[in-house]
Amino acid sequence: MSDLGEIAGPLLIFGGPCSNLQATTAVRAEAAMLGIPPERCVCTGDVTAYCANPRETVALVREWGCHVVMGNCEENLANDAGDCGCGFAEGTACDVLAREWYAHASSLIGADDRAWMGRLPRRISFRCGTQRVVVIHGAVDTINRYVFASSPEADKLEQATRANADIIIGGHSGIPFTQRLADGRIWHNAGIIGIPANDGATDTWYSLMHSEGGAIRFEHRRLAYDFQSAAAAMREAHLADGYALALETGIWPSLDILPAKERGETGLPLAIA
Ligand SMILES: [Fe+2]
């Protein structure tokens, strides 16, 4: 757990750089354009995953100096594990593709970066006015559990209670949402910048957290970046076409992990503010 104390001013939140150097370069440029310093930028983990440039992406994030929560990809690379730790069922499309990109990332990430990954906090907390905010990767109790907008609200409430949080900021699942829970607490997911949100668009998503007169407001924002170069780099690295096509079409190569609701929204514009 890393506690940042009181944070004032807008925060820039992003998930899943996923070895997408072009998207990571773009989100850093957004932060600079918005005048948000690294100490108010938070990444929800999975710096390395599907795309072509794990080493360069980690170097960029480390040099930038933003806060990073450990993702399952960081956990498993730090431990020199044999797979990405996403928990995909054996033989599924996700599983087959993950074996390939994880091997690619693992072959390129050196000892110093693995040690950095191993030192990342599993939770980051801070206060914003009267609100206690806790940043995690997947679920509070499990780093690689997928929490979507349609996931049961009772589970989100239980997770928020477990973390003693008024606001949970999660990542991992790849589709952004903000949900006010029954008791007024909030579950927010900024989405990921490295892969589109299965919404049929090439832009990816990040968010801003505003504090206005004691009230917290999340603003989901599109990230336009050079997806053509990111896809070309993947093909040059001989990564299978599934995720390169996803960068170009905005549609995931497999819907295995999605609940029925999110699966049914494939290719549709996201219904978020
Ligand atoms: Fe993850």
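Up top is the structure these notes are about.
Residues numbered from 1 in each chain as written. Predicted model: local features only at pLDDT ≥ 70, side-chain atom pairs only at ≥ 80, totals over all residues. Heavy atoms only, no water.

Between helix α2 (residues 54-64) and helix α5 (residues 111-119), the least distance of the axes is 11 Å, while the angle of their chain directions is 55 degrees. Accordingly, the angle class assigned to the pair α2 and α5 is oblique. At the point where α2 passes α5, the crossing takes the left-handed sense. Where α2 approaches α5, its residues Arg55, Val58, Val61 and Arg62 are matched on the opposing element by Asp112, Asp113, Trp116, Met117 and Arg119. When grouped by side-chain class, the residues that make up the contact of α2 with α5 number four nonpolar, no polar and five charged. (Axes fitted to C-alpha atoms, helices over the stretch in contact; angles between N-to-C directions. Helix = DSSP H or I, 4+ residues; strand = E, 2+ residues; numbered from the N terminus. Parallel < 35°, antiparallel > 145°, perpendicular 65-115°, else oblique. Left-handed = near helix turned anticlockwise from the far one by under 90°. Contact = heavy atoms within 4.5 Å. Nonpolar A, V, L, I, M, F, W, Y, C, P; charged D, E, K, R; others polar.)

Tetrahedral coordination by four donors sets the ideal angle at the metal to 109.5 degrees; octahedral coordination by six donors sets it to 90 or 180 degrees. The coordination sphere of the iron ion, as far as protein atoms go, consists of Asp46 (OD), Asn72 (OD1), His137 (NE2) and His172 (ND1), spread over 2.0 to 2.2 Å. One can describe the site at the iron ion as irregular: its four donor atoms subtend angles covering 84 to 143 degrees at the metal. We classify asparagine 72 as buried; its relative accessible area is 0%. (Donors = N, O, S within 2.8 Å, 3.2 Å for Na, K, Ca; no water. Tetrahedral: all angles 85-135°; square planar, octahedral: opposite > 155°, others 65-115°. Buried < 20%, exposed > 50% of the residue type's maximum accessible area, 1.4 Å probe, protein only.)

What follows covers the pattern of salt bridges. In this structure the tally under the stated criterion is 15 salt bridges. Note that arginine 62 is salt-bridged to aspartate 112, the shortest N-O span being 2.9 Å. Taken together, the residues span a long stretch of sequence, with arginine 62 in helix α2 and aspartate 112 in helix α5 at a distance of 50 residues. Across the pair arginine 114 and aspartate 80 runs a salt bridge whose closest N-O atoms are separated by 3.5 Å. One end of the pair, arginine 114, is in helix α5; the other, aspartate 80, is in the loop between α3 (72-78) and α4 (93-108), with 34 residues separating them in the sequence. Residue arginine 114 is classed as buried on the basis of its relative accessible area of 14%. (Salt bridge = Lys/Arg side-chain N within 4 Å of Asp/Glu carboxyl O.)

So, on to the pairing of strand β11 (residues 215-223). One ladder, built from nine bridges, connects strand β10 (residues 204-212) with β11; its direction is antiparallel. Its bridge partner lying in β11, serine 207 is registered against histidine 220. Linkage of β10 to β11, two consecutive antiparallel strands, is achieved through a turn of two residues, within which glycine 213 is found at a positive phi near 60 degrees. (Pairing = 2+ DSSP bridges.)

So far we have only geometry, and geometry alone does not tell us how the molecule works.
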